[in-house]
Amino acid sequence: MKRLSVSEVVARRRSTRAFLNTPVDDALIADVLTRATRSPSGGNLQPWRFYVVNGTSMARFAALMQTRMADNPGGEATEYDVYPANLKEPYRSRRFGVGEAMYEKLGIPREDKFARLAWLQNNDRFFGAPAAAFCFVDRVMGKPQWSDLGMILQTAILLFEEQGIATCAQEAWSRWPQTVSQFTGAAPEMMLFCGLAIGHADPQAAVNTLVSARAPVEEVISFV
Ligand SMILES: Cc1cc2nc3c(=O)[nH]c(=O)nc-3n(C[C@H](O)[C@H](O)[C@H](O)COP(=O)(O)O)c2cc1C
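**Student:** Would you mind showing me how to read the side chain of Gln-145 here?
**Tutor:** In this fold, Gln-145 is placed in helix 6 (residues 143–162). Of the polar contacts made by the side chain of Gln-145, one reaches the backbone nitrogen of Gly-142; its length is 2.8 Å.

Set out below in structure tokens:
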């Protein structure tokens, strides 16, 4: 099989929000995450820590989440703000835009708040992915080290894509910090940043046809 170029992998990648239950081998996940540790980090701190759930541990976690979601549909107290309060323009419109584009693919109108909320809860099931990784960072770390998490996450995401494995980074897991920390056994000094759903994309799912928009290049890149 011909290897995809980095450019091809970058162009193909998108956030997948419906997965088949086809298993993904632990060995493949271990290999990708190991290679992703070649990602750069300021001062080579490598401030990341990953916990993988797959196979039997995913089955146990899914069962635990079912009871947690039933007991506490709103989730737990979050430990960081996913977005700034009163998100200003143009960010607000970009966020709104991708949400509306997604619900259009799903055929869920704005008035149907119940269906939209129910759909969002798919986050708590990794959109059906059979495997996932949770990404933690030491609580003492600041903004530069949090940006290092993005380095390794994107490297891993692209390496998965190269293997034909789809992913979705999920800050939605910030709503379940206690549950995830207890389940993974992460040390108290570690804070959960996000989850990464890992699996085979469902080719029949309309939501997976979403290609999110990007701001005009002139708005984000200037040559001075
Ligand atoms: C750190 C991070 C967290 C994200 N969290 C979520 C999430 O909780 N749920 C979700 O459906 N998408 C999540 N996304 C996916 C974004 O919505 C997506 O990257 C963006 O809309 C651009 O679309 P694309 O990834 O398909 O290019 C997240 C992406 C990143 C990078």
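**Student:** How should I be thinking about the environment of Gly-107 in this particular structure?
**Tutor:** The residue Gly-107 is located in the loop between helix 4 (91–106) and helix 5 (113–120) in this model. Gly-107 gets classed as exposed once you look at its relative accessible area, which sits at 56%. Separated by 58 residues in the primary sequence, Gly-107 and Ile-165 place their C-alpha atoms 26 Å from one another.

**Student:** So what exactly am I meant to see when it comes to the environment of Arg-38 here?
**Tutor:** In this structure, Arg-38 sits in the loop between helix 2 (26–36) and strand 1 (48–54). Judged by relative accessible area, which is 76%, Arg-38 ranks as exposed.

**Student:** Just checking my understanding: could you explain the packing of aromatic side chains for this structure?
**Tutor:** Aromatic rings in a pair are described by how distant their centres are and how their planes are angled relative to each other. If you walk through the whole model with that rule in mind, you get twelve aromatic pairs. With a centroid separation of 5.4 Å and 80° between ring planes, the pair formed by Tyr-51 and Phe-136 is classed as edge-to-face. Residue Tyr-51 is found in strand 1, and its partner Phe-136 is found in strand 2 (residues 131–138); the two are separated by 85 residues along the sequence. Comparing Tyr-51 with Phe-136 shows no difference in burial state: the two are buried. Following the ring pairs from residue to residue traces out a cluster consisting of Phe-61, Phe-126, Phe-134, Trp-173 and Phe-183.

**Student:** Is there a simple way to explain the sheet that holds strand 2 in this structure?
**Tutor:** Each strand in a sheet pairs with its neighbour through backbone hydrogen bonds, running either in the same direction (parallel) or in the opposite one (antiparallel). Within the open sheet, the four strands sit side by side as 1-2-4-3. Their pairing is antiparallel. Both outer strands of the open sheet, strand 1 and strand 3 (166–170), are each paired with one neighbouring strand and no more. Taken over all neighbouring pairs, the strand axes of this sheet differ in orientation by 25° on average, direction set aside. With eight bridges connecting them, strand 2 and strand 4 (residues 190–199) associate as antiparallel partners. Bridging from a neighbouring strand, Phe-134 pairs with Gly-195 of strand 4. Relative to the sheet, helix 3 (residues 56–71) contacts strand 1 and strand 2, its axis offset from that of strand 1 by approximately 90°. Contacts from helix 7 (residues 177–184) reach strand 1, strand 2 and strand 4 within the one sheet, and its direction differs from that of strand 2 by about 100°.

Rules used throughout
Residues numbered from 1 in each chain as written. Predicted model: local features only at pLDDT ≥ 70, side-chain atom pairs only at ≥ 80, totals over all residues. Heavy atoms only, no water. Helix = DSSP H or I, 4+ residues; strand = E, 2+ residues; numbered from the N terminus. Polar contact = N/O pair within 3.5 Å; in protein donor to acceptor, adjacent residues only side chain to side chain. Buried < 20%, exposed > 50% of the residue type's maximum accessible area, 1.4 Å probe, protein only. Phe/Tyr/Trp six-rings, centres within 6.5 Å; stacked < 30°, edge-to-face > 60°. Pairing = 2+ DSSP bridges. Axes fitted to C-alpha atoms, helices over the stretch in contact; angles between N-to-C directions. Contact = heavy atoms within 4.5 Å.

By themselves, these are just geometric observations and shouldn't be taken as functional.
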